[in-house]
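# Reading the structure
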Amino acid sequence: MTERTTGPTTPHDPAVVVVAGALYDRGRLLAARRSAPVELAGRWELPGGKLEPGESPEEALVRELREELGVEVEPGERIPGEWPLKPGYVLRVWTARLLSGEPRPLEDHDALRWLTRSELDSVDWLDQDRPAVAEAARRLPAA
Ligand code: CDP
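The present account deals with the structure reproduced in this document. These numbers come from a predicted model, not from an experiment.

### Overview of the environment of R139
Locating R139 in the fold gives a position in the segment after helix 2 (130-137). By relative accessible area, which is 30% here, R139 ends up partly exposed. Taking the C-alpha atoms as reference points, R139 and A22, 117 residues apart in sequence, are found 9.9 Å from one another. Beyond its immediate stretch of four places on either side in the chain, R139 contacts Y24, E77, I79 and T95. Within polar-contact distance, the side chain of R139 engages the backbone oxygen of E135 at 3.1 Å.

### A closer look at unusual backbone geometry
Across the junction of A36 and P37, the peptide omega takes the value -10 degrees, indicating a cis bond. Inspection of the secondary structure puts P37 in the loop between strand 2 (28-34) and strand 3 (44-45). Phi at R26 takes a positive value of approximately 45 degrees, unusual for a residue other than glycine. Mapped onto the secondary structure, R26 falls in the loop between strand 1 (16-25) and strand 2. By relative accessible area, which is 67% here, R26 ends up exposed. You will see that D108, though not glycine, has its phi angle at about 75 degrees, which is positive. Mapped onto the elements of the fold, D108 is located in the loop between strand 6 (89-100) and strand 7 (109-115).

Calculation notes
Residues numbered from 1 in each chain as written. Predicted model: local features only at pLDDT ≥ 70, side-chain atom pairs only at ≥ 80, totals over all residues. Heavy atoms only, no water. Helix = DSSP H or I, 4+ residues; strand = E, 2+ residues; numbered from the N terminus. Buried < 20%, exposed > 50% of the residue type's maximum accessible area, 1.4 Å probe, protein only. Contact = heavy atoms within 4.5 Å. Polar contact = N/O pair within 3.5 Å; in protein donor to acceptor, adjacent residues only side chain to side chain.

This is the structure:
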């Protein structure tokens, strides 16, 4: 999508926060395959995007998942931790519950999969998403 936010310009600028969602529905977690940029294309992530000025992380998550997937979600709890992305960007993850809609890869992704706990290792997650995915897995049914 449009790059509205640029990275920090001085070492003292706060990092840009990227909010991603561990989206659950009926005992499965949603994985999204990135279609761009080229260095990330083909890798799987928890869908999300950059916080915009004046937004809470929960508001950003609801907006991003509406834009990228065409669904309405209810944010839940934050998964503890913060993971560095490219310089000046950090990833924070919230759980979320699907309220309505069937996710479609409208923007930034070219494939989606709902994964049970035993299927989580079947996709090539972005390295920075792996700790959050591991934590998200603990909230899925064991079967
Ligand atoms: O949609 P928007 O342009 O706001 O953000 P994005 O391009 O989806 O994500 C911003 C940056 O965070 C990109 O470099 C993504 O690769 C990264 N990201 C990530 O590493 N893991 C995620 N779960 C979501 C985004």
